[in-house]
Amino acid sequence: EPICKPPCELSGTTCICPTTPSTEECPEGYICDEGTVKRPLEGIGVKPIEARITTDNIGIVPILIGKTQENKLSLSSPNGVAFTTQTLIAEENKLFMKIEEGKKEIKILPEAASETAVRTESQSIKEIELKEAGNIPVYSVIGAKKARILFAIPVTLSIETKVDAATGDIISTKKPWWGFLVF
């Protein structure tokens, strides 16, 4: 049984429906009030929700939004996955992230953020997290690079690259302070 039946949508850990049935018609397990029907997803075996979104560089792409055991949402696209604790909204072939000042569109998929990080600094990607930074959705791409300090001591350099989820632009790259000694 699907978690959110059309026309309802998954928003974070809640199904939100556009209309409210009368109190007598409110389905069991749902909360009906103020023009919406909500269904908390905690404790439910959540199946991923399929959606199709339009990206700037690829066109329409299928995605899956699921829930992890750690109560995070996973955003899976054909070649990548990102995790988030933010609310995601899929509507009319567009994906949005709810932020403090409303919602912002996500136009870049996890694999594009990963490719951008690797192009900037050769690395192996460990994790991609979608979060809010400065009222915009940002992918935080965590990677690692094997290198040597002063050509002698082998080390693994941790790299965090923040990529704007709307434009694909690099916002920042963070390395350990001793990164300048690595070759």
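Quantities reported herein were computed from a predicted structural model and do not represent experimental measurements.

About the cut-offs
- Residues numbered from 1 in each chain as written.
- Predicted model: local features only at pLDDT ≥ 70, side-chain atom pairs only at ≥ 80, totals over all residues.
- Heavy atoms only, no water.
- Pairing = 2+ DSSP bridges.
- Helix = DSSP H or I, 4+ residues; strand = E, 2+ residues; numbered from the N terminus.
- Axes fitted to C-alpha atoms, helices over the stretch in contact; angles between N-to-C directions.
- Core = buried A, V, L, I, M, F, W, Y, C linked by side-chain atoms within 4.5 Å.
- Buried < 20%, exposed > 50% of the residue type's maximum accessible area, 1.4 Å probe, protein only.
- Contact = heavy atoms within 4.5 Å.
- Patch = residues over 30% accessible without salt bridge, like charges linked within 9 Å, V, L, I, M, F, W, Y side chains within 5 Å.
- Areas by Shrake-Rupley, 256 points an atom, 1.4 Å probe, with all protein chains shown as cover.
- Salt bridge = Lys/Arg side-chain N within 4 Å of Asp/Glu carboxyl O.
- pLDDT = per-residue confidence, 0-100.

*Asks:* Explanation requested: the sheet that holds strand β11 (residues 102-106) in the structure shown.
*Replies:* Within a sheet, each strand pairs with its neighbour through backbone hydrogen bonds, oriented either parallel or antiparallel. Read from one edge of the open sheet, three strands run β9-β10-β11, paired in antiparallel fashion. Each having just a single partner strand, β9 (88-91) and β11 make up the two edges of the open sheet. Neighbour-to-neighbour, the strand axes of the sheet open up by a mean angle of 35°, direction not taken into account.

*Asks:* Help me understand the nonpolar core in this model?
*Replies:* One recurring pattern in soluble globular proteins: nonpolar side chains tend to sit buried together. In this structure, I63, L75, L88, L95, I106, L130 and Y139 are the most contacted members of the largest nonpolar core, which totals 24 residues. Of all the secondary structure elements, the ones that give two or more residues to this core are β5 (49-55), β6 (59-67), β7 (73-77), β10 (94-99), α1 (110-120), β12 (124-133) and β13 (136-149). Residues in contact with L130, not counting those within four places in the same chain, are L75, F83, T84, Q86, L88, M97, I106, P137, V138, Y139 and A165. In terms of nonpolar packing, the next biggest core, distinct from the first, is built from six residues, A147, I149, L157 and V182 among them.

*Asks:* In this structure, what is going on with the side chain of T116? I would like to understand it.
*Replies:* For T116, the position within the fold is in helix α1. The residues contacting T116, other than those within four sequence positions of it, are V163, G168 and I170.

*Asks:* Just to check I follow, could you spell out a nonpolar patch on the surface for this structure?
*Replies:* A contiguous nonpolar patch, built from L150, F151 and F183 and spanning about 390 Å² of accessible area, is present on the exposed surface. The exposure class assigned to L150 is exposed, which follows from its relative accessible area of 54%.

*Asks:* Quick question: what am I supposed to make of the environment of F183 here?
*Replies:* Following the sequence through the fold, F183 ends up in the segment after β15 (170-174). Its relative accessible area of 53% is what places F183 among the exposed residues. In this structure, the C-alpha to C-alpha distance between F183 and L150, residues 33 residues apart in sequence, is 6.6 Å. When residues no more than four places from it in sequence are discounted, the contact partners of F183 are A147, R148, L150 and F151.

*Asks:* Could you clarify how one ought to interpret the confidence of the model for the protein chain in this entry?
*Replies:* Low pLDDT means the predicted atomic positions in that stretch should not be read closely. Chain-level pLDDT for the protein chain is 78 on average; 72% of the residues reach the 70-or-more range. Here residues 19-24 is a poorly scored stretch, pLDDT under 50, and it has 13 contacts once near neighbours within four places are set aside; other chains count. Throughout residues 34-45 the model reports pLDDT below 50, and contacts reaching past four residues in sequence, or to other chains, amount to 49 contacts.

*Asks:* What should I look at first to understand the pairing of β15 in this one?
*Replies:* One face of the sheet, then the other: side chains in a regular strand alternate in exactly this way. The pairing of strand β14 (residues 153-164) with β15 spans four bridges and is classified as antiparallel. Across the sheet, the residue bridging to K162 is S172, located in β15. Turn length for the β14-β15 hairpin, with the two strands adjacent in sequence and antiparallel, is five residues, and the turn residue G168 shows positive phi of about 85°.

*Asks:* Please clarify how α1 should be interpreted in this entry.
*Replies:* Residues spaced three or four apart along an α-helix point in a common direction, a consequence of the helix completing one turn every 3.6 residues. Along α1, the positions that sit buried rather than exposed are P110, E111, A112, A113, S114, T116 and A117. In this fold, the buried residues of α1 make contact with β7, β8 (80-84), β12, β13, β14 and β15.

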